[in-house]
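# Structure assessment
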Amino acid sequence: MCTQEGFQAQRSQLVGLLVSRSLEGFEGVLDWLLSWEVLSWEDYESLSIVGQPLSHLARRLLDTMWSKGAWGCEKLIAAIHEAQADSQPLMLHELSDPHSPCPVHKLQIHRPQIVRRLYSHVEGVLDLVQEQGFMSQYECDGIRLPIFTSAQRARRLLDLATLKANGLAAFLLQCVQQLPVPAALPLKDVAYKKYMSKLKATLSAQSRFLSSYDGEENLCLEDIYTENILEVQMNVGPGGPRQQSPATVSLEELFHPQGRLNEDADTVLVVGEAGSGKTTLLQQLQFLWATGQDFQEFLFVFPFSCRQLQCVTKPLSVHTLLFEHCCWPDVGPQDVFQFLLDHPDRVLLTFDGFDEFRFRFSDRERHCSPTHCMPVQNLLFNLLQGNLLKNARKVLTSRPDAVTASLRKYVCKELSLKGFSEEGIELYMRKHHHKPGVADRLVHLLRASSALHGLCHLPVFSWIVSKCHQELLLQGGGSLKTSTDMYLLILRHFLLHAYPPDTAHQGPGPSPLRGRLPMLMHLGRLALWGLGRCSYVFSARQLQAAQVDAEDISLGFLVPAKTVVPGSSAPLEFLHITFQCFFAAFYLVLSADLTSSSLRYLFNCPRLGGSPLARLLLPLCIQGSGREEDSIRTLLQKAEPHNLQITAAFLAGLLSQEHRHLLAECQASEKALLRRQTCARSCLARSLRTHFRSIPPAVPGETKSMHALPGFLGLVRSLYEMQEERLAQDAVRGLDVGHLKLTFCSVGPSECAALAFVLRHLRQPVALQLDYNSVGDVGVEQLLPCLGVCKALYLRDNNISDRGICKLVEHALHCEQLQKLALFNNKLTDGCAHSMAKLLGCKRNFLALRLGNNHITAAGAKVLAQGLQDNTSLQFLGFWGNKVGDTGAQALAEALSDHQSLKWLSLVGNNIGSAGAQALAVMLEKNTVLEELCLEDNNVYDEGVNYLAEGLKKNSSLKVLKLSNNCITCVGAEALLQALETNDTILEVWLRGNSFSPEEVETLTHKNTRLLL
Ligand SMILES: Nc1ncnc2c1ncn2[C@@H]1O[C@H](COP(=O)(O)OP(=O)(O)OP(=O)(O)O)[C@@H](O)[C@H]1O
Ligand SMILES: [Mg+2]
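Below, the structure is looked at part by part. Counting restarts for each chain: residues are numbered from 1 in the order of the written sequence. Chain A is the first chain written and ligand 1 is the first ligand written, with later ones labelled in order. Local features in this predicted model are restricted to residues of pLDDT 70 or higher, and side-chain atom pairs are both shown and tallied only at a pLDDT of 80 or more, whereas totals for entire chains, interfaces and linings draw on every residue. To get the side-chain values, all heavy atoms of the structure are used, and hydrogens and water are removed first.

## Details of the overall build of the protein chain
Where we set the bar: Secondary structure elements follow DSSP: runs of H or I of four or more residues count as helices, runs of E of two or more count as strands, with numbering from the N terminus. For each residue, the accessible area found with a 1.4 Å probe, counting protein chains only, is set against the maximum for its type, and the residue is called buried under 20%, exposed over 50%, and partly exposed in between. Contacts are assigned to residue pairs that have any heavy atoms within 4.5 Å of one another. Computed with the Shrake-Rupley method and a 1.4 Å probe, the accessible areas treat only the protein chains shown as cover for residues.
Looking only at helices and strands, one finds 49 helices and 22 strands in the protein chain. Put simply, the protein chain has 1013 residues, and 56% of those count as buried. Partitioning the contacts of the protein chain with sequence separation of at least 6, the portion at a separation of at least 24 is 78%. Approximately 41800 Å² of the protein chain is accessible, and the part contributed by carbon and sulfur atoms is 53%.

Below you can see the structure in the form of C-alpha cells.
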C-alpha cells in the first residue's frame, strides 16, 4: 500500500530512481503507465518533450501521478518495478487479430512488449512503412536522428502511429506479429557476451600489476592497494550557496547519488595533486570490475588515458575509439556496437589525466553521431558533455589546475583525492613489507621524521620510501625534508641497483651520479623535450632522437606505457610525471645553456627595470642566446604550468646549498653553478615580493587581506626546497598583510611544512586561514614552527583529530600572538578537552575558540568548563553541532555565570532540553557581558523558554537570543513577551521554525517587533 504522504516523503528517492536509469529507463516507466492507461495521451505528451532535462521530467511525472491520488502513486511504483525487472515475457497472443477495430488502443496496451520486440528491427520497419507510403522520408529521418536509441526510435514510431489515421497502427501490429521473438535477455546473445568477457579478460590483465615497479618485485595491485582519502563535494543546500562540508566516501561509492551537483550530467570528476593516486584509483576500479568484485552495474568498461589519446592523430568516432583503441569485438561488431548504443547506461568510460591532454576543454563544437569521425579532442569533449553516448557514465581524473569552469558545467559530481591518511601510510608500509620488523621500523622512522611523514601523505612518496627502505633504515629519515631529497635518494637507489658498486665495470666513483651523468642527461633532455611538447609517452623514434639508448632505459626510470596505442611499437613513459619533471630539472641545472632569463621564467620572476621601454629594448640587448637556449626557453614556455611548477621546485632543490656539492661532482664548472644558485635565489625572493606587492590595499577599517594567487604556493614550495633560512627571511620582508587566505588550495602536510618554513619569518602577525584543505594531524605538526607569527589560525574541514590538536595547543601556550583558533568540522572528541581547557585556563589573551561540528559530548564540555572558569579573556566560544546535551550545557553555564569577557556563545544543535535551558537562564541572571546566545536546533520547548524568559528579566547585557527550531508554541512566546516588557537591552529574539500558525506569527510580530518569526 502506498499513501500519498508516503509517496511525497519518498519524493527525492523516487526522482533519484527515475533519473538513475537514464532517459531510456524513464521512458520504459512511461510505457507501462501508458499500457495500464494510468497516463492519458496528454499526460504522456507533456512528459516526453525532447531536450528537457531528465530530472525536470521525472519531477513532472511525480506531480502528475500524485495528482491522480493514492492509486496513481501506487501505479507509478509498480511501473518502476516492471521497468526494472525488464523480463516481461513477449507473448502477444492478444494481437492475433490484426484487423481489430482499434489497433491504436492495442498498440497502447501492449506498448512495453511491442517496444521490446520492435527495437532491434526498427530500421527495417521504418524502411517498410516508408515504402508502403505510411510515412514520409522526412518523418522517418526525424525518428532516425542519432540522438535516439533504438528503443526510443521504436517509441517514436508508435507515437506517430497513434496520431496518424492512415492505417499505420494496424500495419505496425501486423509487422510486430511477424518479427522474431527476441531472447528474454539481450545479453544472451553470443556477441555481447563474448565481447564482455574479452573486455574483462583484457582489463583484468592490464590492471593486475602496478606500473611503477622496476621489474625486481611484483607489485600486485590487489596486494598493495590501500584506500585513499576520497572526498565528495556536497550539494549546495536549498537556501543558496551555503557551504557544506565535503564527505569522505569509499571508491565503491563513486557513483552513489550523494553529492550530485548536476543530475543531467554523466561525468564524475576526480581531482587530485600529482602523485595523489588518481591513476591507481582508476586501475583499482577497472580491476574490481574485471574480476567481478564490484561495479557490476556496468556491462562494459572502457579505460583511456588522455596522455595516450592525444597521440592519436587520425580522426576518430565513438565506434573506432571503443573498438580500435580499447578492445575489438571478435564476433558481430555491429551488433555489439548497437547494443552499446541502446544501453548506454550500462557503459562506463574512464579518462585518466585530463591535465595531460594538451587541448583545452571547449563546448563549441557539437557532435552527436557515434559513427562520425572527428579530431580526438572533439570526440572527448562531446563524450564528456553527453552529446555522444548520452547516459553512459564517464569518470575523468585531473590535477586541479586543469579543471575549468566550462568543464565543471558538465560534471555530475566532483570528488577530491587527498592521498593517504596516517593510518593509510602505515597500512601501505605493512602491505609492502612482509619481512618481520621492516614495516615496524619504517613506521617508527616515519613517525620520528615529521617532514618525511608529511611527504608520505602523497602515495608516490610512500612508494619512494618503501622502495628505498634499506637506505632509509640505515641512515635514518631525519635528514630528508624536501621532495628533491627524496628524488635524489631514489635516483641513487636505482643507479646502485643497476650498477652495484662491486660489479661496476667502470666504477662510478665517489658519487654514483657522476659515472652515469651522460645517461642521466639523455633522460633529462627527453624529459624536458616531452614537457615542452606536452608529450609524456615516447615512441622508439623519439627516444632515438633524444639519444636515449637501451642502457639508459635499463636504469628503470622509463617503463612501458600501460595501454598501447595500436599501430605503434610499445612506447615508454617515465615512472611517474614527477620523475619526468625531476629529470627535466636535472638536465636544466647541468645544461651549459641554461641562462638567467630561463631561470627567471621558471621562477615566474619579473625582470629588473621592467618598464615597457626596457622590455622593448631588452631582447635586442641579450647577448649570446644560442639555439639551445632558444629551444630551452621555448620548451619552458610551452610546458603545462603545473609541470613547470614541479620542475621549478626540483630545480631550486638541486641548486640548494645542500645538494650543490653533489652537482659539483658531476660538473666541472662550480662557478656556473654558483651563478645559477645566486640567480635562482634572487628570482625567488623577488617573485614572492612582487606577489605581495600586487595585493590591493586594505579597505579602510579592515585588515589587509590576501587570497593566495595562483603560483603563490609554487613559489613557497620552491623556497622550501632551497632550505635557506636567510632567503626565506628576505622573501617575506615585504609582506604586510593581516590575513592570509589559502582556502581550497590543496594544502597537505608537505605544503604546511613549506608554508611554515617561509611564514615563520614574517615580521607582523598574520591570521592564517587554511579552511577546506587536507592539513591533517601531520600537517598541524608541520605548521608549528610558524605558530609564533599567527594571531589566528583557521583550520575548518581539515581532517584533524585530537592528537594533532593536542600538539598544537601545547605549542600555542607559548605563542603570545595567537588569539583565535577555528576548528569547525574536524574529528575532535572529548579527548582534546583537557588541552582546550589548558589553553583557556593558561593563555591570558585568548579571544576565540570555535569547535563546531566535532564530536564533543557532555564529558568534554565539563572539562572545558573548568578551563573557562580560570579564563578572563575569551570573547567567542562556538560549539555548534556537538553533543554536549543538558549536562554539558549546565557545566558551561555554571562556568560562565561570572565570566567577564565572553560575548558570544553558540550551542546550536547540541540536544539541549529544558534542563540545559534552565541552567543557561540562571547564568543569564548573573552574567553581565554575554551579548549573543545561539540555541537554535535544540529541544528547548516552552518549558525551557519559560526559564530563559525569567533569566532575561534580570539580564542587562544580552542583545540577541536565537531560539529557532525548538518546538516552541505561543505559551513560550508569551513568556518571552512578558520578559521583553522589562528588558530593554535585548534587540532580537529569533523564533523561526517553531510551532506557530501563520495567524499566531502575525499577532506575535505585531505585539513586539523584537520577536523575529
Ligand atoms: N591507493 C594506492 N595504493 C597503493 N599505492 C598507491 C595508491 N595510489 C597511488 N599509489 C602509488 O603511488 C604512485 C603514484 O600514484 P598515481 O600514478 O596513481 O598518481 P596520480 O594521481 O595519477 O599522479 P599524476 O597526477 O601524476 O597522474 C603509484 O604508482 C603507486 O605506486
Ligand atoms: Mg596519473
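That shown, we press on.
## What to know about the pairing of strand β14 (residues 790-794)
What counts, and what does not: Following DSSP output, two strands are said to pair if at least two bridges run between them. Classification remark: right-handed applies to a crossover when, strands pointing away from the viewer, the course from the first strand over the helix to the second runs clockwise.
Two elements, strand β13 (residues 766-769) and β14, share four bridges in a ladder whose sense is parallel. Each bridged residue has a counterpart across the sheet, and for Leu768 the counterpart in β14 is Leu793. The parallel pair β13 and β14 is bridged by helix α41 (residues 776-783), and the resulting crossover is right-handed. Bridge analysis of β14 against strand β15 (residues 820-822) gives three bridges, and the strand direction is parallel. Paired with Ala792 across the bridge in β15 is Lys820. The handedness of the β14 to β15 crossover, carried by helix α42 (residues 802-812), is right-handed.

## Notes on helix α36 (residues 657-666)
If you check which residues of α36 are buried, you get His659, Arg660, Leu662, Leu663 and Cys666. Here the buried face of α36 lies against α26 (483-498), α27 (512-515), α28 (517-532), α31 (577-590), α35 (641-654) and α37 (670-693).

## Observations regarding the sheet that holds strand β8 (residues 537-538)
Pairing within the open sheet is antiparallel, and its three strands lie in the order β8-β10-β9. One side of each edge strand has no neighbouring strand; the edge strands of this open sheet are β8 and β9 (558-560). Relative to strand β10 (residues 572-574), β8 is paired through two bridges, and the arrangement is antiparallel. By the bridge assignment for β10, Phe538 is matched with Leu572.

## Regarding the side chain of Asn882
Rules: Pairs of N or O atoms are called polar contacts if they sit within 3.5 Å, as long as, within protein, a hydrogen donor faces a hydrogen acceptor (for residues adjacent in sequence, only side-chain-to-side-chain pairs).
Within the secondary structure, Asn882 is located in the loop between β17 (876-878) and α45 (885-896). Taking relative accessible area as the criterion, Asn882 reaches 3% and is therefore assigned buried. At a separation of 2.9 Å, a polar atom in the side chain of Asn882 contacts the main-chain amide nitrogen of Ile856.

## Comments concerning the pattern of salt bridges
The condition is simple: Only one rule defines a salt bridge in this text: a Lys or Arg side-chain nitrogen within 4 Å of an Asp or Glu carboxyl oxygen.
The full count for this structure, using the stated rule, is 40 salt bridges. Notably, a salt bridge pairs Lys409 with Asp363, separated by 3.4 Å at the nearest N-O pair. Placement of the pair is Lys409 in the loop between α20 (405-408) and β7 (411-419) and Asp363 in the loop between β5 (347-352) and α19 (376-385), with a sequence separation of 46 residues. By relative accessible area, which is 49% here, Lys409 ends up partly exposed. Among the residues examined, Asp363 registers a relative accessible area of 23% and is labelled partly exposed. Several salt bridges converge on common partners, so that one network encompasses Glu27, Asp31, Arg111, Arg155, Arg156 and Asp159.

## Re the packing of helix α44 (residues 858-869) against α45
Helix-helix packing: each pair is described by the crossing angle between the helix axes and the interaxial distance. The test is simple: Inter-axis angles, ranging from 0 to 180 degrees, are taken between N-to-C directions of lines fitted to C-alpha atoms, where helices are fitted over the stretch in contact. Any angle between 65 and 115 degrees counts as roughly perpendicular, while under 35 counts as roughly parallel, over 145 as roughly antiparallel, and the rest as oblique.
For the pair α44 and α45, the least separation of the axes is 8 Å and the interaxial angle reads 5°. Relative to α45, α44 is oriented roughly parallel. Contacts from Ala858, Ala861, Lys862, Ala865, Leu868 and Gln869 of α44 reach α45 at Thr887, Gly888, Ala891, Leu892, Glu894, Ala895 and Leu896.

## Observations concerning unusual backbone geometry
A positive phi is found at Tyr772, a non-glycine position, where the angle reads about 55°. Summarising the element assignment, Tyr772 is placed in the loop between β13 and α41. Despite not being glycine, Asn799 has its phi angle at roughly 60°, a positive value. Assignment of secondary structure puts Asn799 in the loop between β14 and α42. A relative accessible area of 28% means that Asn799 is categorised as partly exposed.

## Points about the sheet that holds strand β3 (residues 267-271)
In a beta sheet, neighbouring strands are held together by backbone hydrogen bonds and run either parallel or antiparallel to one another. Taken together, the seven strands give an open sheet; going across it, the order is β2-β1-β7-β3-β6-β5-β4, and neighbouring strands pair in mixed fashion. Of all strands in the sheet, those bounded by a partner on one side alone are β2 (247-249) and β4 (300-305). Put simply, the sheet's adjacent strands are angled 25° from each other on average, direction ignored. Of the strands in this sheet, β3, β5 and β6 (393-398) touch α19, which is tilted by about 125° from β5.

## Brief notes about the nonpolar core
The cut-off we apply is this: Definition of nonpolar core: a set of buried residues of the types Ala, Val, Leu, Ile, Met, Phe, Trp, Tyr and Cys, connected through side-chain atoms within 4.5 Å.
Counting 276 residues, the largest nonpolar core has Phe300 and Leu349 as the members making the most contacts within it. The contacts of Phe300, once residues within four sequence positions are left out, are Tyr192, Tyr195, Met196, Leu199, Trp289, Phe339, Leu340, Arg346, Val347 and Leu348.

## Looking at the packing of helix α13 (residues 190-207) against helix α15 (residues 278-290)
This is how the line gets drawn: The crossing is said to be left-handed when, going from far helix to near helix, the turn is anticlockwise and less than a right angle, and right-handed when the turn is clockwise.
At a minimum axis separation of 8 Å, α13 and α15 run at an interaxial angle of 135°. Judged by the inter-axis angle, α13 sits oblique to α15. Read as a crossing pair, α13 and α15 show a hand that is left-handed. Of the residues in α15, those touching α13 at Leu199, Lys200, Leu203, Ser204, Gln206 and Ser207 are Gln283, Gln286, Phe287, Trp289 and Ala290.

## Section: the packing of aromatic side chains
Filter applied, for reference: In this scheme Phe, Tyr and Trp rings, the latter by its six-membered ring, pair at centre separations within 6.5 Å, and the angle between planes marks the pair as stacked below 30 degrees, edge-to-face above 60, and tilted otherwise.
Under the defined criterion, the tally for this structure stands at 39 aromatic pairs. A ring pair is formed by Phe304 and Phe351, whose centres lie 5.5 Å apart and whose planes are at 15°; its orientation type is stacked. Of this pair, Phe304 sits in strand β4 while Phe351 sits in strand β5, placing them 47 residues apart in sequence. In this structure, Phe304 and Phe351 share a single accessibility class: buried. Arranged with centres 5.8 Å apart and planes meeting at 75°, the rings of Phe323 and Phe337 form a pair that is edge-to-face. Residue Phe323 is found in helix α17 (residues 318-324), and its partner Phe337 is found in helix α18 (residues 333-342); the two are separated by 14 residues along the sequence.

## Quick notes on the environment of Cys806
Looking at the secondary structure, you find Cys806 in helix α42. Cys806 gets classed as partly exposed once you look at its relative accessible area, which sits at 23%. Spatially, the C-alpha atom of Cys806 lies 8.0 Å from that of Met836, the residues being 30 residues apart in sequence. Not counting residues up to four positions away in its chain, the partners in contact with Cys806 are Gly831, Cys832 and Ser835.

## A short note on the pairing of β3
Most of β3 is tucked away: five of the five residues are buried. Here β3 shows a buried face lined by Thr267, Leu269 and Val271 and a second buried face lined by Val268 and Val270. Note: β3 against β6, five bridges, orientation parallel. Residue pairing for β6: Leu269 is matched across the bridge by Leu396. Bridge analysis of β3 against β7 gives five bridges, and the strand direction is parallel. Its bridge partner being in β7, Thr267 is matched across the sheet by Val411.

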